[in-house]
Amino acid sequence: MITDAHEIDCSDRVQLGDFAAVAGFRSQILTHSLNLVKDRFETSPVEVGDRSAVMSGCILLSGTRVPRRCIVSAGSVINTKLTNELMFYPRQSG
């Protein structure tokens, strides 16, 4: 399920598992990024596992993964492949 007003870049694959949700509004899923070392754009898929939810205002960067049965807290930025299932991933404050 994808609710209202999200931005999804489909330069590469975006995969939502069974019963997965991009919930709330204003999240961004980006499948491309600028590689500053190679000075070029690159693409990588983004995956949201079965029965997981990405809440409002999240940013999922190129090459990221949310495992099965997880919740990503509102306002989070995911820049890596998360590995633990059955987790609540809270927003990290700087």
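Small disclaimer: the values here were computed from a predicted structure and weren't measured.

A. Expanded view of the overall build of the protein chain. In terms of helices and strands, the protein chain carries 0 helices and 13 strands. Listing the helices and strands of the protein chain from first to last along the sequence gives β-β-β-β-β-β-β-β-β-β-β-β-β. Expected size for 94 residues packed as a compact globule is a radius of gyration near 12 Å; at 13 Å, the protein chain falls within 12% of this value. With the C-alpha coordinates of the protein chain rotated into their principal frame, the extents come out at 35 × 25 × 20 Å. Sequence-distant contacts, at least 24 apart, represent 25% of the contacts inside the protein chain between residues at least 6 apart.

B. A look at the pattern of salt bridges. Inspection of the entire model under this criterion finds 5 salt bridges. The residue arginine 13 makes a salt bridge to glutamate 47 at a minimum N-O spacing of 3.7 Å. Of this pair, arginine 13 sits in the loop between strand E1 (7-8) and strand E2 (14-16) while glutamate 47 sits in strand E7 (residues 46-48), placing them 34 residues apart in sequence. We classify glutamate 47 as partly exposed; its relative accessible area is 25%. The salt bridge partner of glutamate 47 is arginine 65, with a shortest N-O separation of 4.0 Å. Pair noted here: glutamate 47 is in strand E7 and arginine 65 is in strand E10 (residues 65-66), with a separation of 18 residues, a long-range link. For arginine 65, a relative accessible area of 29% puts it in the partly exposed group. Residues joined in a network through salt bridges with shared partners are Arg13, Glu47 and Arg65.

C. Expanded view of the pairing of strand E6 (residues 40-43). Bridge analysis of strand E5 (residues 32-35) against E6 gives 4 bridges, and the strand direction is antiparallel. Within the sheet, the bridge partner assigned to leucine 34 lies in E6 and is phenylalanine 41.

About the cut-offs
- Residues numbered from 1 in each chain as written.
- Predicted model: local features only at pLDDT ≥ 70, side-chain atom pairs only at ≥ 80, totals over all residues.
- Heavy atoms only, no water.
- Helix = DSSP H or I, 4+ residues; strand = E, 2+ residues; numbered from the N terminus.
- Rg over C-alpha atoms; globule rule 2.2 N^0.38 Å.
- Contact = heavy atoms within 4.5 Å.
- Salt bridge = Lys/Arg side-chain N within 4 Å of Asp/Glu carboxyl O.
- Buried < 20%, exposed > 50% of the residue type's maximum accessible area, 1.4 Å probe, protein only.
- Pairing = 2+ DSSP bridges.

Remember that the coordinates give geometry; whether it matters functionally is a separate question.
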